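This is what each chain is made of:
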Amino acid sequence: MRIIATPRGRLIAAFTVSLLWAAMALWAVPSLIRSAYAGESLAVLNRLIQGQANTPVEAYLEDWQQFAWNVTWIVVVLAALAVTITFLARRMRELNRSERHRSIAFQWHDVLVLAIWTGIVAGLAEAVNGIVRHRIQHLPTGEVVSAELFWLVPLAASTTFLALGLLLIAIDKLLPARFKVLRIAPPLFAGLAVYSLFRALGVGLANIAVIVLASGVAVVTMRAFVKYPGSIRWMIRRTTPWMIGGLIAWAIIIPLWRRAVESRIIAALPDAAPDAPNVLIIIWDTARALNLSLYGYERETTPELERLAARGAAFERAFSTSSWSLPSHASIFTGRYPPEMSVGRQIPLNDRHPTLAEALARRGYATGGFTANLFYGSSDYGIARGFSWYDARPAINLTVIAHTWWLSRTSVQDLRNKFGRRGHMLRRRAHHVNGALLDWTSRHSDRPFFAVVNHFDAHEPYLPPEPFNLAFSTTQPRYWFTDEEPFLSAEVLSQLKDAYDSSIRYLDHELSRLLQTLEESGELENTLIILTSDHGEEFGEHGVEHFGHARSAYAVSLLVPLVVVYPPGISADVRVRDPVSIRDIPATVMDVLGAADSHPFPGTSLARYANGKVTDDERAEPRLSTVARHPWGDENSRWPAARSDLFSIVAGDLHYIVHGKDEELLYDLSADVFEQRNLADSAEVAPTLARMRFVLDSMVRSEDGSRRVRAVR
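Rules behind the numbers
Residues numbered from 1 in each chain as written. Predicted model: local features only at pLDDT ≥ 70, side-chain atom pairs only at ≥ 80, totals over all residues. Heavy atoms only, no water. Helix = DSSP H or I, 4+ residues; strand = E, 2+ residues; numbered from the N terminus. Buried < 20%, exposed > 50% of the residue type's maximum accessible area, 1.4 Å probe, protein only. Contact = heavy atoms within 4.5 Å. Areas by Shrake-Rupley, 256 points an atom, 1.4 Å probe, with all protein chains shown as cover. Phe/Tyr/Trp six-rings, centres within 6.5 Å; stacked < 30°, edge-to-face > 60°. Salt bridge = Lys/Arg side-chain N within 4 Å of Asp/Glu carboxyl O. Pairing = 2+ DSSP bridges. Axes fitted to C-alpha atoms, helices over the stretch in contact; angles between N-to-C directions. Core = buried A, V, L, I, M, F, W, Y, C linked by side-chain atoms within 4.5 Å. Expected span 1.5 Å × (residues − 1). Polar contact = N/O pair within 3.5 Å; in protein donor to acceptor, adjacent residues only side chain to side chain.

Draft legend 1. Looking closely at the overall build of the chain. Broken down by element type, the chain carries 23 helices and 17 strands. The 713 residues of the chain split such that 54% are buried. Partitioning the contacts of the chain with sequence separation of at least 6, the portion at a separation of at least 24 is 70%. Of the accessible surface of the chain, which amounts to about 32,300 Å², a share of 59% is contributed by carbon and sulfur atoms.

Pasting the structure below:
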């Protein structure tokens, strides 16, 4: 005990405990989980893990990994707080020896300085947490995950504390001097900062535990300010200007640094081929083909897209490779199906396969990515590889600033919900993303460009700007849903579809504006345009409990728009009914550029379909889609993907789906596009099911060659 009481002893003890924890977290417990899963460990543990027939062992390992990370993160934060408090106490004792520091009282203007100082410190702590959670754990941290966090979060926190400080000053002026209201400012600020930080950590602590922890810090802070008022005032006044200056410098340097990096990349590119066409891929996130008038929908949702399609080819049965964003985008960029890539909800795309941006950069193209999906569209998920310029940042405004700090974000959201303005506060509108694209293309007029634009307006909450919000209803329809609602009535689903259609109508309007601007600049004539979506959306077609995406492999979640326009190389006014996949896009681009035989992308060029050159073998190729099991799902969940992995192949008119265990579905898309009649129940299709099982099993294999789909009986 005497050894541990010394500083050196405490250091050795902390190091030893850290090694033991690391060994347990990284080796001992995972090994025990694997042995229990296999029924080889203690009987009591074997009984705890009984899911080997339904749940892969990786699910248990992921749960432990998340728990271990949470414990580690809590300990690190608590240790940092303890070290900080110890250091400050020691420094305060040193400063307090001076009579000058001890005699200075805490005054009203000190409250304002303290508010700024606390906001900066609290904001930086949450910014670090957000970056760590997103870049290392790949977990949700809010909708801003760029480097701007390091000045946006301190600004939001400081503004909140300043408002609170002004309120305390006003109360202090109104009440008699004996109440000494200003004395509660330090503990109040410290308690709120700690409470916000630990809620933002998202490590599973109960709210009451966070309140107790924050209260303890507040008490310690109060004692420090009572004991060392002058010393703390001196320290805060000395450090605050430097902190403010650092944040201002960061806000200025970040955009300049990005421009400098891009300039260096562009300067190193080879010369492009003469008259090389521009390539523009537009992704309408969450826009399903079944709600586009281009494909016969009764509402006029896409008049501009219809005009664009008349100049090229429209594909009536284009399938996404998944029913959620990240794997679908990865397929668009690499030409690979999800099982071929290391990509998942907490797994970014790795560099095993080349991307289309990398291939075109080697051909001298300026490459730019512009996304309104600020989470899965961020560069931390690997899909920015190969782009010399990648823009996944929101337009900076008061809403965005308030959204970055946990406490202000929660407060504003509660107010919005109370007054009926539900849903996400951040919406990077299509016109903003298009503006960023056009600004970028104007800077690179000396080179052909490859640009990918993601528009997020058709994603829930479906709330386009006026007047488009009332495009298909006389009053504002409901435009949001939450996972807390187990069922949505038919009336609410109808309203959601009204809002959804209005969002698509807004996207179509912005498409018109974008094409007009490109035409006026002379870029449109020599630009290959591909418009598609990453996945569709469900609105109760399989029961009122079914809505949204990422949770099934039905056609409503996979059928997406696909239009390819390039008059010099694509036939005009063509309709293609053969099933195709969005993973064919990279091969299409390289084919149009004249590199059909010298590119690394699998798939079939869509230009071959449009120009009538596709072979029978290419036409008969089955199209694969997969949806990974939700890590938080269980056997009783209402969503198919909450219970198991989902697998889907489309061959001709038939759509075959396997719900991971012993459930299989078969639909005829030519007669039943909304898939209301499961043909797999009929004995007549037994040979067809056997063939589909064989095809699916051959397409979906693990990297070691093992089977990924269970045999269906």
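Draft legend 2. How the structure looks around the packing of aromatic side chains. Scanning all chains against the criterion turns up 19 aromatic pairs. When the centroid spacing of 5.8 Å and the interplanar angle of 10° are considered together, the rings of F387 and F450 count as stacked. Highlighted residues: F387 in the loop between β4 (366-371) and β5 (389-391) and F450 in strand β6 (residues 449-455), separated in sequence by 63 residues. One exposure class covers both F387 and F450, and it is buried.

Draft legend 3. Spatial organisation of the pattern of salt bridges. For the structure on display, the rule yields 27 salt bridges. Through salt bridges with shared partners, a single network forms among E148, R258, D391, R393 and R428.

Draft legend 4. The arrangement of the sheet that holds strand β2 (residues 313-315) in detail. Across the sheet, eight strands lie side by side as β5-β4-β6-β1-β7-β11-β2-β12; this open sheet has mixed pairing. With partners counted over all chains shown, the strands left at the sheet margins are β5 and β12 (574-576), one partner each. Averaged over all neighbouring strand pairs, the angle between strand axes comes to 10°, with direction disregarded. Two strands pair when backbone bridges link them, and strand β7 (residues 527-532) and strand β11 (residues 562-565) are joined in this way by four bridges, in the antiparallel orientation. Its bridge partner being in β11, T532 is matched across the sheet by L562. Set on the sheet, helix α17 (residues 490-520) makes contact with β1 (278-284), β6 and β7; between it and β1 the angle comes to about 165°.

Draft legend 5. Focus on the nonpolar core. If you look at the biggest cluster of nonpolar residues, it comprises 54 residues, and the most contacted ones within it are V279, I281, F315, L360, F450, I585 and V589. Sequence-distant contacts of I281, that is, excluding residues within four places in its chain, are made with L356, F450, A451, V452, V453, I530 and I585. Of all hydrophobic cores here, the second largest spans 53 residues; its members include A430, F456, V492 and L496.

Draft legend 6. Unusual backbone geometry, seen in detail. Geometrically, the link from E460 to P461 is a cis peptide bond, its omega value of 0° lying close to zero. Cis rather than trans, the peptide bond between E466 and P467 has omega equal to 0°. Its location among the elements puts P467 in the loop between β6 and α17. Positive phi values are uncommon outside glycine, yet T286 reaches one of about 75°. Positionally, T286 belongs in the loop between β1 and α11 (303-309). Accessibility expressed as a relative area gives 0% for T286, which makes it buried.

Draft legend 7. Fine view of the sheet that holds strand β15 (residues 646-651). Taken together, the four strands give an open sheet; going across it, the order is β14-β15-β16-β17, and neighbouring strands pair in antiparallel fashion. Each edge of the open sheet carries a strand with a single partner, namely β14 (623-627) and β17 (664-668). Each neighbouring strand pair of the sheet contributes to a mean axis angle of 15°, computed without reference to strand direction. One ladder, built from five bridges, connects β15 with strand β16 (residues 654-658); its direction is antiparallel. Along β16, the bridge assignment pairs V650 with H655. Strands in contact with helix α23 (residues 686-699) are β14, β15, β16 and β17; relative to β16, the strand with the most contacts, it is inclined by about 65°.

Draft legend 8. Quick peek at helix α6 (residues 108-137). The end-to-end C-alpha separation of α6 is 42 Å, in line with the 44 Å expected for 30 residues at 1.5 Å each. Backbone geometry just downstream of α6 places H138 in the positive-phi region, at approximately 55°.

Draft legend 9. Just the side chain of S648, in detail. Tracing the backbone through its elements, the reader meets S648 in strand β15. A polar contact is formed between the side chain of S648 and the side chain of H655, at a distance of 2.6 Å. Discounting residues that sit within four places of it in the chain, S648 has contacts with A553, L558, R623, L624, S625, H655, Y656 and I657.

Draft legend 10. Fine view of the environment of D501. Tracing the backbone through its elements, the reader meets D501 in helix α17. In this structure D501 comes out as buried when scored by relative accessible area, which is 0%.

Draft legend 11. How the structure looks around helix α8 (residues 185-201). Taking 1.5 Å of rise per residue, the 17 residues of α8 would be expected to cover 24 Å, and the 24 Å separating its terminal C-alpha atoms lies within 8% of that figure. Here α8 lies mainly inside the structure; 14 of its 17 residues are buried. Of the residues trailing α8, G202 is marked for its positive phi of about 60°.

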